[in-house]
Amino acid sequence: MATATVPRASHNVTHYAYLGDTYGTAELLNGSGYLFRAEGERKATLVSYKCPELMLLGLVDVADLQHEIDELVGGAAAIACSRQMEVR
């Protein structure tokens, strides 16, 4: 019987986020805080996870995947028009 070791890919937990009024991404650093990067910027700011100005939105990989799926089925208009009316 042969065994194979599968290398683990390092996976960074990254959220879309707001820091105050600035939109960007926040990458978790070993549970100690987040590296916030404003959209289009290379420079990052270290932010405590307790910072009240930091608002985390969805996970980047999950949100991007859902966006691609939505586009494949026809975009927002197709999704909105194909839903059954839930309100009676």
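See above for the structure.
Residues numbered from 1 in each chain as written. Predicted model: local features only at pLDDT ≥ 70, side-chain atom pairs only at ≥ 80, totals over all residues. Heavy atoms only, no water.

**Points about the overall build of the protein**
So, step 1. Looking only at helices and strands, the protein has two helices and five strands in total.
So, step 2. When the helices and strands of the protein are listed from N to C terminus, the series reads β-β-β-β-β-α-α.
So, step 3. Taking all 88 residues of the protein together, 16% fall into the buried category.
So, step 4. Counted over contacts in the protein with a minimum sequence separation of 6, partners at least 24 positions apart contribute 33%.
So, step 5. Of the accessible surface of the protein, which amounts to about 7,500 Å², a share of 55% is contributed by carbon and sulfur atoms. (Helix = DSSP H or I, 4+ residues; strand = E, 2+ residues; numbered from the N terminus. Buried < 20%, exposed > 50% of the residue type's maximum accessible area, 1.4 Å probe, protein only. Contact = heavy atoms within 4.5 Å. Areas by Shrake-Rupley, 256 points an atom, 1.4 Å probe, with all protein chains shown as cover.)

**Details of the packing of aromatic side chains**
So, step 1. This model, assessed by the stated rule, comprises two aromatic pairs.
So, step 2. An aromatic cluster is built from Tyr16, Tyr18 and Tyr23, whose rings are joined through pairwise contacts. (Phe/Tyr/Trp six-rings, centres within 6.5 Å; stacked < 30°, edge-to-face > 60°.)

**Quick word on the pattern of salt bridges**
So, step 1. Tallied over the entire structure, the rule returns one salt bridge.
So, step 2. Among the salt bridges present, the one from Glu27 reaches Arg37, with a minimum N-O distance of 3.8 Å. On the criterion of sequence distance, the pair formed by Glu27 in strand S2 (residues 22-29) and Arg37 in strand S3 (residues 33-38) is long-range, its members being 10 residues apart. (Salt bridge = Lys/Arg side-chain N within 4 Å of Asp/Glu carboxyl O.)

**Examining the environment of Leu28**
So, step 1. In this structure, Leu28 sits in strand S2.
So, step 2. For Leu28, a relative accessible area of 30% puts it in the partly exposed group.
So, step 3. The spacing of Leu28 and Tyr49 is 21 residues in sequence and 8.6 Å in space, taken between C-alpha atoms.
So, step 4. Setting aside residues up to four positions removed in sequence, Leu28 forms contacts with Val13, Gly33 and Tyr34.

So, to be careful, I would describe these as geometric facts and stop short of saying anything about function.
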